[in-house]
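# Structural features, examined
The lines below spell out each chain.
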Amino acid sequence: MNSDIFSQVDNYISSLLAPEDAVLKATISSLDVANFPQMSVSANQGKFLQVMMILCGAKRVLELGTLGGYSTIWMARALPENGKLITVEIDAAHGELARQNIERAGLSNKVEVKIGQAMDILQTLIAEKAEPFDLIFIDADKPPYTEYFEHAISLSRPGSVIICDNVIREGKVLEATTQDEKVKGVQRLNESLKNNKLVTATILQTVGVKEYDGMVVAVVNRNDH
Ligand code: SAH
Ligand code: DHB
Ligand code: MG
């Protein structure tokens with residue numbers, strides 16, 4: 001889907017509303033230099049995350065899956081002065097590159113890159129009774145997405161926003177008998193949302209410069225909802 005109408009329109013939107021500065025461009029280039037995958041969100045998706053943050057007054061953000069820190073930088077830029085973002089990455093080399101990119105962005109004071117298994121760090125944060133996060137962005141490995149989402153709810157407050165990347169997988173979620181563990185993981189999450197009374201959720205299909213995909217956008221309900 002690269003030079004078609006979706007990609008051209010995505011570029012039209014990003015040139016107007018989500019232009020990348022030198023820091024964001026360098027972050028994308030750093031992935032190529034390190035031979036890491038280009039799995040970052042797009043510029044417009046980064047801007048979307050910022051809009052969601054401002055909508056829920058986000059001062060504390062949790063991200064699962066850092067890679068080179070591209071989405072991290074977009075989100076950290078939408079934090080207030082006293083804001084904080086924790087981002088979790090299993091691969092120490094990804095995390096180190098992210099730290100460099102976050103440093104170049106001048107955001108090291110607001111961002112903590114934690115190296116470890118997302119599940120372990122979620123459980124630790126819950127055990128420590130961490131202050132609730134206002135926005136949680138789930139973008140790590142896909143098979144445990146349902147468990148990540150449930151833990152994210154435990155770390156939230158009413159009105160917190162939970163966003164999950166890559167839940168449509170070029171439409172492969174329609175394949176009921178798929179053997180693809182990533183697709184099975186996001187199918188399981190999507191289906192779990194149907195009966196989840198704790199959140200009000202939808203899924204946005206995403207087209208543009210990236211593969212055809214989608215994001216869960218969920219808001220944690222008030223207790224009386
Ligand atoms: N959010 C990033 C992209 C993340 S790509 C951006 O948009 O810029 C997914 C990342 O999740 C990879 O870096 C991968 O190493 C990491 N990851 C995979 N499994 C993980 C796990 N179990 N715990 C934490 N991170 C994991
Ligand atoms: C994959 C993971 C991502 O987070 C993404 O945005 C695109 C692809 C993957 O694991 O295939
Ligand atoms: Mg992703």
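Please refer to the structure placed before this passage.
These numbers were taken from a predicted model, which means no experiment stands behind them.

A few words now on the site of ligand 1. Not every one of the 21 residues close to ligand 1 is listed here, only the nearest: Val41, Gly65, Glu89, His94 and Asp139. Backbone polar atom of alanine 118 to a nitrogen atom of ligand 1: 2.9 Å apart, as the coordinates give it. A distance of 2.8 Å separates a nitrogen atom of ligand 1 from a polar side-chain atom of aspartate 139. Surface burial for ligand 1 is 91%, taken as the share of its 590 Å² of free accessible area covered by protein chains. Those elements that provide at least two residues to the shell around ligand 1 are helix H4 (70–76) and strand E2 (84–89).

According to the stated counting rule, one finds nine salt bridges in the structure shown. Residue glutamate 147 pairs with arginine 188 through a salt bridge whose shortest N-O separation is 2.9 Å. Of this pair, glutamate 147 sits in helix H7 (residues 145–154) while arginine 188 sits in helix H8 (residues 181–194), and the two are 41 residues apart along the sequence. Judged by relative accessible area, glutamate 147 falls into the partly exposed class, the value being 27%. Looking at arginine 188, the relative accessible area reads 37%, which means it is partly exposed. Each of Lys84, Glu112 and Lys114 takes part in one network of salt bridges that share partners.

Between helix H6 (residues 118–127) and H7, whose axes approach to 10 Å, the crossing angle comes to 20°. The orientation of H6 with respect to H7, classified from their angle, is roughly parallel. Where H6 crosses over H7, the handedness of that crossing is left-handed. Touching Ala118, Met119, Leu122, Gln123 and Ile126 of H6 are Glu147, Tyr148, His151 and Ser154, all from H7.

Moving on, we get to the coordination of the magnesium ion (ligand 3). Those donors, Asp139 (OD), Asp165 (OD) and Asn166 (OD1), are the protein atoms that reach the magnesium ion (ligand 3), and they lie 2.1 Å from it. Read in sequence order, the donor residues coordinating the magnesium ion (ligand 3) give the pattern D-x25-D-N. Here the two residues aspartate 165 and asparagine 166 agree in accessibility, since each one is buried.

How each quantity is defined
- Residues numbered from 1 in each chain as written.
- Chains lettered and ligands numbered in written order.
- Predicted model: local features only at pLDDT ≥ 70, side-chain atom pairs only at ≥ 80, totals over all residues.
- Heavy atoms only, no water.
- Near = heavy atom within 4 Å.
- Polar contact = N/O pair within 3.5 Å; in protein donor to acceptor, adjacent residues only side chain to side chain.
- Areas by Shrake-Rupley, 256 points an atom, 1.4 Å probe, with all protein chains shown as cover.
- Helix = DSSP H or I, 4+ residues; strand = E, 2+ residues; numbered from the N terminus.
- Salt bridge = Lys/Arg side-chain N within 4 Å of Asp/Glu carboxyl O.
- Buried < 20%, exposed > 50% of the residue type's maximum accessible area, 1.4 Å probe, protein only.
- Axes fitted to C-alpha atoms, helices over the stretch in contact; angles between N-to-C directions.
- Parallel < 35°, antiparallel > 145°, perpendicular 65-115°, else oblique.
- Left-handed = near helix turned anticlockwise from the far one by under 90°.
- Contact = heavy atoms within 4.5 Å.
- Donors = N, O, S within 2.8 Å, 3.2 Å for Na, K, Ca; no water.

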